[in-house]
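Next come the chains, spelled out residue by residue.
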Amino acid sequence: MTDPSPFRSLDFWIAVGVALLVKVKTSASLGPVKVITSMLVAAGAAWVASDYAAQTFGVPLPIAAAGWSARA
């Protein structure tokens, strides 16, 4: 289930982006530094852990990436 491209597929990044938008919009009050930090941590978590989550739970890679982005 691993993504063959070194930079992941477009649907992977769309799922991560949507999850990040929802996360930032629903947070009570985040300053610019916290928003940037949150985005970097969420993207990193999705990059590292989405393969494992997709295999473990049997979901497509973009869904696992969105889950990790929203969780991180």
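Located above this text is the structure these notes cover.
It should be emphasised that the depicted structure is a prediction, and the values quoted were computed from it without experimental measurement.

Visitor: Run through the packing of helix α1 (residues 10–26) against helix α2 (residues 32–57), naming residues and quoting values.
Guide: Packed helices, taken two at a time, are described by their axes: the angle between them and the distance between them. As a packed pair, α1 and α2 sit with axes 10 Å apart at the nearest point and diverge in direction by 140°. In terms of orientation, α1 lies oblique with respect to α2. For the pair α1 and α2, the sense of crossing is right-handed. Facing α1, whose interface residues are Phe-12, Trp-13, Val-16, Leu-20, Lys-23 and Val-24, α2 presents Val-35, Ser-38, Met-39, Ala-42, Ala-43, Ala-46, Trp-47 and Ser-50. Of the residues contributing to the contact of α1 with α2, the split by class is 11 nonpolar, two polar and one charged.

Visitor: Before we move on, can you summarise α1 with the specific residues and values?
Guide: In this model, α1 (17 residues) spans 24 Å end to end at C-alpha, consistent with the 24 Å of a helix rising 1.5 Å per residue. Those residues of α1 that sit buried are Phe-12, Ala-15, Val-16, Ala-19, Leu-20 and Lys-23. Down the axis, α1 shows its buried residues gathered within 130° of arc, on one side only. Residues Leu-10, Leu-21 and Lys-25 are exposed on α1 and point more than 90 degrees away from its buried face. Where α1 is buried, its residues contact α2 and α3 (61–71).

Visitor: Account for α2, naming residues and giving values.
Guide: Given 3.6 residues per turn, any residue in an α-helix points the same way as the ones three and four places further on. The sharpest bend along α2 comes to roughly 55°, located at Ala-49. Residues of α2 that are buried: Val-35, Ser-38, Ala-42, Ala-43, Ala-45, Ala-46, Ala-49, Ser-50, Asp-51, Ala-53 and Ala-54. Those residues of α2 that are buried lie in contact with α1 and α3. The first or second residue beyond α2 is Gly-58, which carries a positive phi of 70°.

Visitor: Requested: an account of the side chain of Ser-69, with residues and values cited.
Guide: Among the secondary structure elements, Ser-69 is positioned in helix α3. The residues touching Ser-69, leaving out its near neighbours within four places in the chain, are Val-16, Ala-19, Leu-20, Lys-23, Ala-42 and Ala-46.

Visitor: I'd like to hear about the nonpolar core, residue by residue, with values.
Guide: Residues Phe-12, Val-16, Leu-20, Ala-42, Ala-46, Ala-53, Ala-54, Leu-61, Ala-64 and Ala-65 constitute the largest nonpolar core, which totals 10 residues. Counting residues per element, the ones that place at least two in this core are α1, α2 and α3.

Definitions and cut-offs
- Residues numbered from 1 in each chain as written.
- Predicted model: local features only at pLDDT ≥ 70, side-chain atom pairs only at ≥ 80, totals over all residues.
- Heavy atoms only, no water.
- Axes fitted to C-alpha atoms, helices over the stretch in contact; angles between N-to-C directions.
- Helix = DSSP H or I, 4+ residues; strand = E, 2+ residues; numbered from the N terminus.
- Parallel < 35°, antiparallel > 145°, perpendicular 65-115°, else oblique.
- Left-handed = near helix turned anticlockwise from the far one by under 90°.
- Contact = heavy atoms within 4.5 Å.
- Nonpolar A, V, L, I, M, F, W, Y, C, P; charged D, E, K, R; others polar.
- Expected span 1.5 Å × (residues − 1).
- Buried < 20%, exposed > 50% of the residue type's maximum accessible area, 1.4 Å probe, protein only.
- Arc of directions from axis to C-beta.
- Bend = angle between axes of the 7 residues up to and from the residue.
- Core = buried A, V, L, I, M, F, W, Y, C linked by side-chain atoms within 4.5 Å.

Interpretation note: all reported values are geometric properties and have no functional meaning in isolation.
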